[in-house]
Structure formats: structure tokens, C-alpha cells
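# Structural overview for review
So you can see what is in the structure, the chains are spelled out below.
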Amino acid sequence: PWPHVEINNFLQEDFANDIITNFGDQNFRDKWWEYLKSREQEYLKLIGETFNHDMTDLSFEEFNWVPWPGTETRERLKPIHCDGAAKKFQIMMYFGTKTPNGGELTFNEGNSETIAKNFPFTHNKLVMWPSTRETWHTFYSLIGDTRYTLNIPISNEYEALEQKKQMLIIHEEKLE
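Residues numbered from 1 in each chain as written. Predicted model: local features only at pLDDT ≥ 70, side-chain atom pairs only at ≥ 80, totals over all residues. Heavy atoms only, no water.

## Some points on the overall build of the protein
Note the threshold: Here a helix means four or more residues in a row that DSSP labels H or I, a strand means two or more in a row labelled E, and each is numbered from the N terminus. The atom set for the radius of gyration is the C-alpha atoms, and the globule formula is 2.2 Å times the number of residues raised to the power 0.38. Working definition: with a 1.4 Å probe on protein chains only, accessible area under 20% of the residue-type maximum means buried, over 50% means exposed, and in between means partly exposed. Contact between two residues is taken to exist if any of their heavy atoms lie within 4.5 Å; hydrogens are not considered. With residues, only the protein chains shown are counted as cover, and all accessible areas are computed by Shrake-Rupley using a 1.4 Å probe. Neither His nor the chain ends contribute to the count of charged residues, in which Lys and Arg are positive and Asp and Glu negative. We put the charge of a Lys on NZ, of an Arg on CZ, of an Asp on CG and of a Glu on CD.
When its secondary structure is counted, the protein shows four helices and nine strands. Put simply, the protein runs from its N terminus to its C terminus through helices and strands in the order β-α-α-α-β-β-β-β-β-β-β-β-α. The C-alpha atoms of the protein give 17 Å as radius of gyration, which agrees with the globular expectation for 176 residues (16 Å, within 12%). By principal-axis analysis of the C-alpha atoms, the protein measures approximately 40 × 40 × 35 Å. The buried share among the 176 residues of the protein stands at 41%. Taking the contacts inside the protein whose residues are at least 6 apart along the sequence as the reference set, 84% of them involve residues at least 24 apart. Looking at the protein as shown, the accessible area adds up to about 10,100 Å², and 51% of this sits on carbon and sulfur atoms. Here the protein contributes 18 positively and 28 negatively charged side chains, and the mean placements of these two sets differ by 2 Å.

What follows is the structure, encoded as C-alpha cells:
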């Protein structure tokens, strides 16, 4: 439905398994973040070439690690949405069971239940796409097992800061 990259077995298997083992460990996370930041310009250049996109003024926004506990039935973990305007690219990596049931990412046709593309959950999978007002997506739970998600947004830092300021203003107004 829009340009994207999907890579199975993205990381070396030993490292992918280390991510699951060390998922909550701050030292592990910090070391990986330092490594990514040290190679950021190289990776941004490659992403820009892949998507034919100018990466000027973009950087990795600090990534987040999210363990989504398994559920008894397939459940949507987030509403169908587009990411904020400051986010220019989305990189999602998935780790967990090797025999999953559920856990898929979907690209949707607008803000509708119609699925334009389904990405079955697979341990050690990367999916990346440009973030626009048309890139509607959502994801679902794994049944009976934890789904570990690593999210690395690529953003314009200034726009991201301005967006956060606007969100604070809105929240403060609602509190008053």
C-alpha cells in the first residue's frame, strides 16, 4: 500500500536471542543505543537511499522497548492510527516465540478495518516505512506468549519537541 521494507532474520540469531534475555536490562539497552547512535549517519544515509528520501535534519528518536504480555485471544494492542507528524520513518523490530499465534502488524486502508497488508509476527523481524498521514497501521497481541517490540522512530528533533510542547499545553488546558 506504500513503500516499506520487511526483513526476516534481521539480526544475527544469537543477538536476537540476547535481546529477549536482556529485554529489561538498562545497561544492555544503553550499549545498543550507543552503538546505533555511533552509526546513525551511515544508517540514515542507507534508509534515505532505500526510500529516495532526504534525511537532512532527521535522527533516531530514542527507541523504546515494549513487552506486550500474551493474551488468551487475539486482541488489538493499539487503535488503528498514523504516527505524529514529527515522526518521518518508523522502524519496528519483533522478538519472541518462534511459533507464534497472532501478534501481527497490519497496514490498513485508511482508518478502517480493511487490511491492505498483513505482516505475521515473526521472531527477529524488522518492518520499516515512511510515516505519513496515509500510513494507517495497528498491531495485535500474541496468544499465550509475550511479544517484545523494539520501536525506533526517525524524527525531526525540532518538530518532535514542538509536538510535545503542544501536547503539554492541551493537557494543561484539560486539567484546568
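More follows now that the structure is in view.
## Digging into helix 3 (residues 40–51)
Cut-off, in case you're wondering: The span one expects for a helix is its residue count, reduced by one, times 1.5 Å. This arc corresponds to the set of directions leading from the helix axis out to the C-beta atoms.
The end-to-end C-alpha distance of helix 3 is 16 Å, a good match for the 16 Å that 12 residues give at a rise of 1.5 Å each. Among the residues of helix 3, those classed as buried are E40, L44, I47, G48 and F51. Each buried residue of helix 3 lies within a common arc of 100° when the element is viewed along its axis, so the set occupies one face. Opposite its buried face, helix 3 presents the exposed residues K45 and E49, each directed more than 90 degrees away. Where the residues of helix 3 are buried, they touch strand 1 (5–8), helix 2 (26–38), strand 2 (58–60), strand 4 (87–96), strand 7 (125–130) and strand 9 (147–156). One or two steps after helix 3, the chain reaches N52, where phi turns positive at roughly 50°.

## Some words on the side chain of S59
Selection criterion: What qualifies as a polar contact is a pair of N or O atoms within 3.5 Å, subject to a donor-acceptor requirement within protein and to the restriction that residues adjacent in sequence count only when both atoms come from side chains.
With respect to the element layout, S59 can be found in strand 2. In terms of polar contacts, S59 uses its side chain to reach the side chain of E157, at 2.8 Å. Apart from residues lying up to four places away in sequence, S59 is in contact with K37, E40, L44, P153, I154, S155 and E157.

## Topic: the packing of aromatic side chains
We count it as follows: Stacked, tilted and edge-to-face are the three classes applied to pairs of Phe, Tyr and Trp rings, where Trp contributes its six-membered ring and a pair requires centres within 6.5 Å; stacked means planes under 30 degrees apart, edge-to-face means over 60, and tilted covers the rest.
Throughout the structure, instances matching the rule amount to 15 aromatic pairs. Considering the side-chain rings of Y94 and F121, the 5.9 Å spacing of their centres and the 50° angle between planes classify their relative orientation as tilted. One end of the pair, Y94, is in strand 4; the other, F121, is in the loop between strand 6 (115–119) and strand 7, with 27 residues separating them in the sequence. Owing to a relative accessible area of 4%, F121 belongs among the buried residues under this scheme. Members of the aromatic cluster, joined through ring pairs, are F15, F23, F28, W32, W33, F63, W65 and Y148.

## A word on the sheet that holds strand 6
This is how the line gets drawn: The rule for pairing is simple: two strands pair if DSSP sees at least two bridges between them. Note on definitions: angles span 0 to 180 degrees between N-to-C directions of axes, and those axes are lines fitted to C-alpha atoms, for helices only across the stretch in contact.
Read across the sheet, three strands follow the order 6-5-8 without closing on themselves; strand pairing throughout is antiparallel. Two strands close off the open sheet at either side, each with one partner strand: strand 6 and strand 8 (137–139). Neighbour-to-neighbour, the strand axes of this sheet turn through a mean angle of 20°, independent of strand direction. Pairing geometry for strand 5 (residues 105–108) and strand 8, over three bridges, is antiparallel. By the bridge assignment, F107 is partnered in strand 8 with H137.

Remember that the coordinates give geometry; whether it matters functionally is a separate question.
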